[in-house]
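Here is what each chain is made of, one letter per residue.
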Amino acid sequence: MDWEELYQNWLSQRNADNDNLRLDLERQARTVIQNQKLADVTWHIQALEGQTPVDQNKRLFIVNVLRKGNQMPQLLFLPMLRTAVYEKNPSYNRSFLEPCMRCFGSRLVNSELISRYTENGTDYEKAGVASSFYWSFGLNGYGDIPHENLDDLRQKVQYWFLTEFVANKNIDVRRSIVAQLQLNLFKYPTKLSLEVIKAIYIGWIHPDQYIRNRIKIQLGLERSFMALPERKST
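Residues numbered from 1 in each chain as written. Predicted model: local features only at pLDDT ≥ 70, side-chain atom pairs only at ≥ 80, totals over all residues. Heavy atoms only, no water.

(A) The arrangement of the overall build of the protein chain in detail. Assigned secondary structure in the protein chain consists of twelve helices and zero strands. By principal-axis analysis of the C-alpha atoms, the protein chain measures approximately 60 × 35 × 30 Å. When the 234 residues of the protein chain are sorted by exposure, 47% land in the buried category. When contacts within the protein chain are restricted to residue pairs at least 6 apart in sequence, long-range pairs at least 24 apart make up 66% of them. Accessible surface, the protein chain as shown: approximately 12,200 Å² in total, 48% of it carbon and sulfur. Where the 30 positive side-chain charges of the protein chain centre and where its 26 negative ones centre are 7 Å apart. (Helix = DSSP H or I, 4+ residues; strand = E, 2+ residues; numbered from the N terminus. Buried < 20%, exposed > 50% of the residue type's maximum accessible area, 1.4 Å probe, protein only. Contact = heavy atoms within 4.5 Å. Areas by Shrake-Rupley, 256 points an atom, 1.4 Å probe, with all protein chains shown as cover. Lys, Arg positive; Asp, Glu negative; His and termini not counted. Charge placed at Lys NZ, Arg CZ, Asp CG, Glu CD.)

(B) Representation of the packing of aromatic side chains. In total, this model carries 16 aromatic pairs according to the counting rule given. Chaining the aromatic ring pairs together yields one cluster made of Trp3, Tyr7, Trp10, Trp43 and Phe61. Residue placement shows Arg174 over the ring face of Phe165; its charged tip is 5.6 Å from the ring centre. The side chain of Lys216 reaches across the aromatic face of Trp204, ending 5.3 Å from its centre. (Phe/Tyr/Trp six-rings, centres within 6.5 Å; stacked < 30°, edge-to-face > 60°. Lys NZ or Arg CZ within 6 Å of the ring centre and 35° of its normal.)

(C) Representation of helix 1 (residues 3-15) within the structure. In a regular helix each residue adds 1.5 Å, so 13 residues correspond to 18 Å; helix 1 covers 18 Å between its end C-alpha atoms and thus fits that length. Turning to helix 1, the residues buried within the fold contact helix 2 (19-34), helix 3 (42-49) and helix 4 (53-65). Between the side-chain oxygen of the N-cap and the backbone nitrogen of Glu4 there are 3.1 Å, and the N-cap of helix 1 in question is Asp2. Taken from the residues just after helix 1, Asp17 is the one with a positive phi, measuring 55 degrees. (Expected span 1.5 Å × (residues − 1). Polar contact = N/O pair within 3.5 Å; in protein donor to acceptor, adjacent residues only side chain to side chain.)

(D) Representation of unusual backbone geometry within the structure. Although it is not a glycine, Asp17 adopts a positive phi angle of roughly 55 degrees. Under the relative-accessibility criterion, Asp17 is labelled exposed at 63%.

(E) Representation of helix 9 (residues 151-167) in the model. Under the 1.5 Å per step criterion, the end-to-end length of helix 9 is 24 Å for 17 residues, consistent within 8% with the ideal 24 Å. Residues Leu153, Val157, Gln158, Trp160, Phe161, Leu162, Glu164, Phe165 and Val166 constitute the buried set of helix 9. Elements that come into contact with the buried residues of helix 9 comprise helix 7 (106-118), helix 8 (123-138), helix 10 (171-178), helix 11 (193-205) and helix 12 (209-218).

In short, the description is geometric, and any link to function would need to be established separately.
Here it is as structure tokens:
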């Protein structure tokens, strides 16, 4: 199958608002993937990693194709996770995580995100993986995604949220973490109690309005939510 030709046909039908033909092209592509006949994923990886507006449209085609079904080439798993981490839109990153969770399971997705990005990631990647965790845990068991026990991984991520928020001064990292930060002392072992106090203090006096707003919301002192500012470029 010529994926570039298929994509160009899909784009033409999308631009013409011809939903029937667009959906038919997506089904054709999905059939190839579901029958495990997709051996060469070079085109897909280039689209997932590219930075041009054309690549963005190609990514939209890919996620539309992968929106249904429970088969996906193993070779696309890590590129899809990386795209989710690098996606600036904290809602759109779901589109790359959900197929991975459906096809490979929530535990594997979260294990890979943790091992690849929390310890050794750049600040841009740490901000991106923090946003990704919202979906990678929240979608566990949702719809046709199998439910798995993730309590151990969730605890590891919660501890990472706390220690990273305190230690890392990067504003995008702190912005991406703060809305998911647990500030209840009883949620942590005694050795992290001081880190909770530090996190509250940092957020309370922080010069960034979004971080101050979210800390107050976490403490039950504010009800009006501010939108997450766009992450800065890598």
